[in-house]
Amino acid sequence: MRVLVLLGAPGAGKGTQAQVLARTLGIPHIATGDLFRAAVREGTTLGREVKEYMDRGELVPDGVTVGILLDRLSASDARDGAILDGFPRTRAQAEALDAELAGRGVGVDRALYIDVPSEDIVRRLSGRWICEAAGHVYNVASRPPRAAGRCDIDESALVQRDDDRAETVRARLGQQMGALGEVAAHYRATGALVMVDGGKPIAEVTEALLDVLRPAAERRVG
Ligand code: AP5
């Protein structure tokens, strides 16, 4: 089982890169934000509970978040591993994940931190559009869809996220960066942390991530 963690500020490009890595590595992309948004769309009890936190740009409490993530990680498509996007976001979540993986005889393989200056984040998120059907990610500036308002992959309508309004983006940055620093420190201590420059164009960031994941012997030859 190979578990990769993608870390970074809101809008750093975790979802964009996770979709490519999942296709390349053949393991599922699991994003707690996507799981929460699906629950909100379906109007479940969980959805009503988490919506308040998301609308305020705050983290959903650890108990709820860990439960939903570990449940998803137990599904059969994740038996060979997964790319976790947006989880863990607190030290408690990181420790809960470590404990679960230790029970399966593995640990987090790499924690890939996509580093982007905060001044770029608000601009990126105000230009983001995602598809209604599967959350495929576009950007008016850096990754426009081929046909305006339609997903290239499944042709569903493109929509903007409620929490991408400038004031909520600033709240997300203000409330979540401290905890992100603690998660990065956790993985620095375990030796899994790798920093990648996320300010470069999307394809270059993908290359840098794949380079980190290539076996050391292959990197020496290449
Ligand atoms: P979540 O959905 O995880 O949002 P996030 O972490 O804030 O991250 P985003 O999805 O906004 O950004 P991203 O890094 O995936 O960037 P993307 O690839 O889309 O969480 C939402 C909320 O749910 C949280 O605020 C919280 O309330 C709750 N939550 C979720 N997980 C939780 C947890 N574990 N614990 C507690 N609460 C939790 O890219 C952004 C834009 O930039 C796109 O338009 C893209 O096309 C563009 N772009 C990407 N890369 C580049 C590049 N290199 N150059 C130029 N543009 C780029």
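Our structure is the block above this text.
Residues numbered from 1 in each chain as written. Predicted model: local features only at pLDDT ≥ 70, side-chain atom pairs only at ≥ 80, totals over all residues. Heavy atoms only, no water.

All right, on to the nonpolar core then. Membership of the largest hydrophobic core comes to 24 residues, with the highest contact counts inside it found for Val 5, Leu 7, Leu 69, Leu 73, Leu 84, Leu 97 and Tyr 187. Those residues within four positions of Leu 7 in sequence are excluded, and the remaining contacts are Lys 14, Pro 88, Ala 111, Leu 112, Tyr 113, Ile 114, Leu 180, Val 183, Ala 184, Tyr 187 and Leu 193. Among the nonpolar cores identified, the runner-up in size contains 22 residues, and Ala 9, Leu 112, Ile 121 and Leu 213 belong to it. (Core = buried A, V, L, I, M, F, W, Y, C linked by side-chain atoms within 4.5 Å. Buried < 20%, exposed > 50% of the residue type's maximum accessible area, 1.4 Å probe, protein only. Contact = heavy atoms within 4.5 Å.)

Lining the immediate environment of the ligand, one finds 37 residues, of which Thr 16, Glu 58, Arg 128, Arg 172 and Lys 200 sit closest. Contact distances for the ligand include 3.3 Å between a nitrogen atom and a side-chain N or O atom of Arg 124. Here Arg 128 contributes a side-chain N or O atom positioned 2.5 Å from an oxygen atom of the ligand. Protein coverage of the free-state accessible area of the ligand, which is 1,000 Å², stands at 96%. Of all the elements in the fold, those that place two or more residues in the shell around the ligand are helix 1 (14-25), helix 2 (32-42), helix 6 (118-126), strand 6 (137-139), helix 7 (166-190) and helix 8 (202-213). (Near = heavy atom within 4 Å. Polar contact = N/O pair within 3.5 Å; in protein donor to acceptor, adjacent residues only side chain to side chain. Areas by Shrake-Rupley, 256 points an atom, 1.4 Å probe, with all protein chains shown as cover. Helix = DSSP H or I, 4+ residues; strand = E, 2+ residues; numbered from the N terminus.)

Turning our eyes to something else, we now look at unusual backbone geometry. Backbone phi values are negative for most residues with the exception of glycine, while trans is the configuration of most peptide bonds. The amide bond that connects Phe 87 to the next residue, Pro 88, takes the cis arrangement and shows omega of 0°. Note that Pro 88 resides in the loop between strand 3 (81-85) and helix 5 (91-103). The phi dihedral of Glu 155 falls on the positive side, at around 65°, and the residue is not glycine. Within the element layout of this structure, Glu 155 appears in the loop between strand 6 and strand 7 (158-159).

On to the sheet that holds strand 6. Strand pairing in a sheet relies on backbone hydrogen bonds. The paired strands run either parallel or antiparallel. One open sheet holds the three strands; their spatial order is 6-5-7, and the pairing between them is antiparallel. In the strand order of this sheet, the two ends are held by strand 6 and strand 7, each with one partner. Alignment of strand 5 (residues 128-131) against strand 7, held across two bridges, turns out to be antiparallel. Across the sheet, Cys 131 pairs through a bridge with Leu 158, a residue of strand 7. (Pairing = 2+ DSSP bridges.)

Tracing the backbone shows Gln 93 in helix 5. Here Arg 89 takes part through its backbone nitrogen, which lies 2.8 Å from a polar atom of the side chain of Gln 93. Dropping the residues within four chain positions of it, Gln 93 is found in contact with Val 60, Asp 62, Thr 65, Val 66, Phe 87 and Pro 88.

We now examine the packing of helix 2 against helix 4 (residues 62-73). Across the interface, helix 2 lies against helix 4 with an axial gap of 10 Å and an inter-helix angle of 100°. Accordingly, the angle class assigned to the pair helix 2 and helix 4 is roughly perpendicular. Contacts from Thr 32, Leu 35 and Phe 36 in helix 2 reach Thr 65, Ile 68, Leu 69 and Arg 72 in helix 4. In terms of residue class, the contact of helix 2 with helix 4 is built from four nonpolar, two polar and one charged. (Axes fitted to C-alpha atoms, helices over the stretch in contact; angles between N-to-C directions. Parallel < 35°, antiparallel > 145°, perpendicular 65-115°, else oblique. Nonpolar A, V, L, I, M, F, W, Y, C, P; charged D, E, K, R; others polar.)

On to the packing of aromatic side chains, then. If you walk through the whole model with that rule in mind, you get zero aromatic pairs. Arg 56 extends its terminal NZ or CZ atom over the ring of Tyr 53, reaching a point 5.4 Å from the ring centre. (Phe/Tyr/Trp six-rings, centres within 6.5 Å; stacked < 30°, edge-to-face > 60°. Lys NZ or Arg CZ within 6 Å of the ring centre and 35° of its normal.)

Right, let's get into helix 7. A rise of 1.5 Å per residue sets the reference length of helix 7, with its 25 residues, at 36 Å; its end C-alpha atoms lie 35 Å apart and thus fit the reference within 8%. The sharpest bend along helix 7 comes to roughly 40°, located at Gln 176. The complete set of buried residues in helix 7 reads Thr 168, Val 169, Arg 172, Leu 173, Gln 176, Ala 179, Leu 180, Val 183, Ala 184, His 186 and Tyr 187. Directly after helix 7, the chain includes Gly 191, whose backbone phi takes a positive value near 90°. (Expected span 1.5 Å × (residues − 1). Bend = angle between axes of the 7 residues up to and from the residue.)

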